[in-house]
Amino acid sequence: MRRSIILAMAFGLSLIAPAQTIHFNSLRRAQMDQEKGLIILVLKDSWALVPADSIDRCNPASACVRYFPAPGIGEFSKDHYFHLSGNDLLFTTPGSGMVYRAGPDCIARIDQSFDHRVQAGAVEFTRRDTIWRHGGYGAFSARTVLTYFDKINGGWEVLRPVRGEEPPPALWNHRHLLDGDSLWLFGGTRFQENNPGTGLASTAVWLFNFKTRTWKRVGNLTPEATHLERRDVQIVPWQHGKLFYPTEGSIRIFDFRNNTLELRTEPVVVTMVPGTIGMPGGSVLHYLKRSEEHTSELQSRGL
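Okay, so let's go over this structure.

If you walk across this open sheet you meet the four strands as 18-19-22-23, and the pairing is antiparallel. Single-partner strands in this sheet number two, and they are strand 18 (175–179) and strand 23 (214–220). In this sheet, neighbouring strand axes are inclined to one another by 20° on average, regardless of whether the strands run parallel or antiparallel. For strand 18 and strand 19 (residues 182–186), the ladder comprises five bridges, and the chain directions are antiparallel. The partner of Asp179 across the bridge, within strand 19, is Ser182.

Structure, rendered in structure tokens:
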């Protein structure tokens, strides 16, 4: 019998420390590399790396902040997803297979791919210096495969599961959580059986194990967790198989490993904007708070 995600709800008060603010001029975007424990900051004409475990002790002039020139990188901050790959900062064009490297003199396209160019609504993440994608749609069809970008040949390759394993159905606009060797997929849209032209909301939760290359359907989202299906809800990967999203006056923490939902109340409203990041393995929330049109503040708040 398949178990459901999420079963239990725990309500509790949490005393939240005052926010600390770090001002970066022309900060356009921030992303978290969970494996490396680094925060990627995309500025107007450069990018920077900040250790997540010392963000509360850093400032823009500190030695802990490493800057890398990249003229014009800020123009790509809104609709592109950034990845740390070795010593390179790569970013992709949404819905296509185009991959770019942010160099000190120019931004250069590095892919030579003609397959998987159209993957609108795909899940995208970084694992072990490699860009990965799952699902998406385009050219009147949807994808069921898990692909990765090979920097050596410049193409997208398919990671096939072991023989006999049934992968998830074609999904797009779904969500994910990467937890070590585990990839959780949930929400999004799937095709209706016997009517492939009609899309239906998906409540299934799938788990892929990178070590064994096997898929498993572990359950379905329960009504308490249906917020996770919505693309307009900004969910944030956190620590040890958890993710959270803020609501007015509270933070909801979903624990996929233990199949629980926790609601933490907060004395003030946190304004979240695109580029929110979470700190893995710790009890600190880092987030961007919009202060004006082209300036954001990197803030941290203890949970």
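Alright, that's what it looks like, and here's the rest.
By the criterion of burial, strand 8 (residues 88–92) is predominantly enclosed, with four of the five residues buried. Bridging between strand 7 (residues 81–85) and strand 8 involves five bridges; their strand directions are antiparallel. When the bridges of strand 8 are listed, Tyr81 appears paired with Thr92. What sits between the antiparallel neighbours strand 7 and strand 8 is a turn of two residues, in which Gly86 has the positive phi angle 65°. Sheet analysis places strand 8 next to strand 9 (residues 99–102), joined by three bridges and oriented antiparallel. Among the inter-strand pairings, Phe91 is bridged to a residue of strand 9, identified as Tyr100.

When the charged atoms of two side chains with opposite charge come close together, those side chains can pair. In this structure the tally under the stated criterion is 10 salt bridges. Of the charged contacts, one joins Arg127 and Asp181 as a salt bridge, the two residues approaching to 2.6 Å between their closest N and O atoms. Note that Arg127 is positioned in strand 11 (residues 123–127) and Asp181 in the loop between strand 18 and strand 19, a separation of 54 residues in sequence. You'll find Arg127 and Asp181 in the same group, each marked buried.

Spatially, four strands are ordered 11-12-15-16 in an open sheet, and the strand pairing comes out antiparallel. The open sheet is flanked by strand 11 and strand 16 (155–159), the only strands paired with a single partner. Taken pair by pair, the neighbouring strands of this sheet meet at an average axis angle of 30°, ignoring direction. Of the pairings in the sheet, the one linking strand 15 (residues 146–150) to strand 16 comprises five bridges and is antiparallel in character. By the bridge assignment, Tyr148 is partnered in strand 16 with Glu157.

Below, the discussion takes up the environment of Leu200. Along the chain, the position of Leu200 falls in strand 21 (residues 195–201). Linking Leu200 and Leu171, residues 29 residues apart in sequence, is a C-alpha distance of 9.9 Å.

Of all hydrophobic cores here, the largest spans 15 residues; its most connected members are Trp184, Phe186, Val205, Leu228, Leu243, Phe254 and Phe256. Those elements giving two or more residues to this core turn out to be strand 19, strand 22 (204–209) and strand 25 (242–247). In contact with Leu228, other than residues within four places in its own chain, are Arg175, Phe186, Leu221, Ile235, Leu243, Tyr245, Phe254 and Phe256.

All right, on to the side chain of Asp181 then. Owing to a relative accessible area of 19%, Asp181 belongs among the buried residues under this scheme. Side-chain polar atoms of Asp181 contact the side chain of Arg127, separated by 2.6 Å. Excluding its chain neighbours within four sequence positions, the residues that come into contact with Asp181 are Arg127, Arg128, Phe208, Asn209, Phe210 and Lys211.

With respect to the helices and strands, the residue Gly37 is situated in the loop between strand 3 (29–33) and strand 4 (38–42). Judged by its relative accessible area of 23%, Gly37 falls in the partly exposed class. As for Gly37 and Leu49, which are separated by 12 residues in sequence, their C-alpha atoms are 10.0 Å apart. Those residues in contact with Gly37, other than ones at most four positions away along the chain, are Met32, Val50, Pro51 and Ala52.

Further remarks concern unusual backbone geometry. Trans is the common state for peptide bonds, and a negative phi is the common state for residues other than glycine. Even without being glycine, Arg128 reaches a positive phi, approximately 50°. Note that Arg128 resides in the loop between strand 11 and strand 12 (130–134). Within the chain, Asp129 stands out as a residue other than glycine whose phi angle is a positive 65°.

Let's shift gears to the packing of aromatic side chains. Counting across every chain of the model gives 14 aromatic pairs. Between Phe125 and Phe210 the ring centres are 6.5 Å apart and the planes differ by 75°, which places this aromatic pair in the edge-to-face class. With Phe125 in strand 11 and Phe210 in the loop between strand 22 and strand 23, this pair connects stretches of sequence that are 85 residues apart. Comparing Phe125 with Phe210, the two get one shared label, buried. A centroid spacing of 4.7 Å and a plane angle of 50° characterise the contact between Phe208 and Trp215, whose relative ring orientation is tilted. The class for Phe208 is buried, based on a relative accessible area of 1%. Residue Trp215 is classed as buried on the basis of its relative accessible area of 8%.

Cut-offs used in this document
Per chain, residues are indexed from 1 in the order of the written sequence. Per-residue local features are limited, in this predicted model, to residues with pLDDT of at least 70; the limit for side-chain atom pairs, both in listing and counting, is 80 or more; totals at the level of whole chains, interfaces and linings are taken over all residues. Neither water nor hydrogens contribute to the side-chain values; these are computed over all heavy atoms in the structure. Any two strands are treated as partners once DSSP identifies two or more bridges connecting them. A run of DSSP states H or I qualifies as a helix once it reaches four residues; a run of E qualifies as a strand once it reaches two. Both are numbered from the N-terminal end. With axes taken as lines fitted to C-alpha atoms, and helix axes fitted only over the stretch in contact, angles between N-to-C directions fall between 0 and 180 degrees. Each residue gets one of three labels from its accessible area relative to the maximum for its type: buried under 20%, exposed over 50%, partly exposed in between, using a 1.4 Å probe on protein chains only. Should a side-chain nitrogen of Lys or Arg be within 4 Å of a carboxyl oxygen of Asp or Glu, the pair is scored as a salt bridge. Residues enter a nonpolar core if they are buried and are Ala, Val, Leu, Ile, Met, Phe, Trp, Tyr or Cys, with the set joined through side-chain atoms within 4.5 Å. In this description, contact between two residues means that some pair of their heavy atoms is separated by no more than 4.5 Å. N or O atoms closer than or at 3.5 Å make up a polar contact, with two conditions inside protein: a donor-capable atom paired with an acceptor-capable one, and, for residues adjacent in sequence, both atoms drawn from side chains. What counts as a ring pair is set by centres within 6.5 Å for rings of Phe, Tyr and Trp (its six-membered ring), and what kind of pair is set by the plane angle: stacked under 30 degrees, edge-to-face over 60, tilted for all other angles.

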